[in-house]
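# Coordinates in review
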Amino acid sequence: MFVIPVSRNLHRQEAEFTRQIERMFKTDADAVSLRSPALDVKETEHSYVLQLDLPGVNKEAVKISIEGRRVSIDAEQAKPEQTTNEAGHAAGQVLHQERALTRFSRSIVLPKEVIQSDSKAKLELGVLTLTLAKRQPAAASHLPVM
């Protein structure tokens, strides 16, 4: 037979343990979290099509950089604003909040160089779609002998 000691303060110990765990994982509400958005890449004959999930991001907050074969996307999602009533007071008490200022960043190197001037970017329903024109190799030409 086994005897397991049970403390009379078990409920209090559980509550203290829960508070310690919450303190370990608690983050600053104003901290910026960095996320790597989900990315799909498709290739057509003349372009690459990239799709990234950027929920809650305005198109003005998206920055796309193209350097040869490397494409980098950076964006920020603003922290949701607290609504106020007519008297200027908070419209409701926040009971739980996980959404905060978030920065999205992703970089990819493609097999071929991209022509920025012939490429397009569109942000619709939280999905950024990039259609990046491939740089085509120069056609063969003949050099006359003099």
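Residues numbered from 1 in each chain as written. Predicted model: local features only at pLDDT ≥ 70, side-chain atom pairs only at ≥ 80, totals over all residues. Heavy atoms only, no water.

### What to know about the sheet that holds strand β8 (residues 127-134)
- Within the open sheet, the four strands sit side by side as β2-β3-β8-β7. Their pairing is antiparallel. In this open sheet, the two strands that pair with only one neighbour each are β2 (39-43) and β7 (114-124). Pairs of neighbouring strands in the sheet enclose a mean axial angle of 15 degrees, with direction left out of account. (Pairing = 2+ DSSP bridges. Helix = DSSP H or I, 4+ residues; strand = E, 2+ residues; numbered from the N terminus. Axes fitted to C-alpha atoms, helices over the stretch in contact; angles between N-to-C directions.)

### Let's talk about the pattern of salt bridges
- According to the stated counting rule, one finds three salt bridges in the structure shown.
- For the salt bridge of Glu43 with Lys134, the shortest nitrogen-to-oxygen distance reads 2.6 Å. Of this pair, Glu43 sits in strand β2 while Lys134 sits in strand β8, and the two are 91 residues apart along the sequence.
- The salt bridge partner of Arg103 is Asp74, with a shortest N-O separation of 3.1 Å. In this pair, Arg103 is assigned in strand β6 (residues 102-109) and Asp74 in strand β5 (residues 70-77), connecting sequence segments 29 residues apart. (Salt bridge = Lys/Arg side-chain N within 4 Å of Asp/Glu carboxyl O.)

### Considerations on the pairing of β5
- Judged from the six bridges that link them, strand β4 (residues 62-67) and β5 form a sheet pairing that is antiparallel. Looking at β5, one finds that Ile66 is bridged to Val71.
- Between the antiparallel neighbours β4 and β5 lie two residues, among them Gly68 with a positive phi of about 65 degrees.
- Looking at chain direction, β5 and β6 are connected through eight bridges and run antiparallel. Opposite Glu76, over in β6, you have Arg103 as the bridge partner.

### Quick notes on the packing of aromatic side chains
- By the definition in use, this model includes zero aromatic pairs.
- In this arrangement the basic side chain of Lys134 is found over the ring face of Tyr48, its NZ or CZ atom lying 5.0 Å from the centre. (Phe/Tyr/Trp six-rings, centres within 6.5 Å; stacked < 30°, edge-to-face > 60°. Lys NZ or Arg CZ within 6 Å of the ring centre and 35° of its normal.)

### A word on the environment of Arg106
- Mapped onto the secondary structure, Arg106 falls in strand β6.
- On the basis of relative accessibility, which here comes to 27%, the residue Arg106 falls in the partly exposed class.
- Setting aside residues up to four positions removed in sequence, Arg106 forms contacts with Ser36, Pro37, Ala38, Leu39, Leu52, Val71, Ser72 and Ile73.
- Within the structure, the side chain of Arg106 is placed 2.6 Å from the backbone oxygen of Pro37, a separation counted as a polar contact. (Buried < 20%, exposed > 50% of the residue type's maximum accessible area, 1.4 Å probe, protein only. Contact = heavy atoms within 4.5 Å. Polar contact = N/O pair within 3.5 Å; in protein donor to acceptor, adjacent residues only side chain to side chain.)

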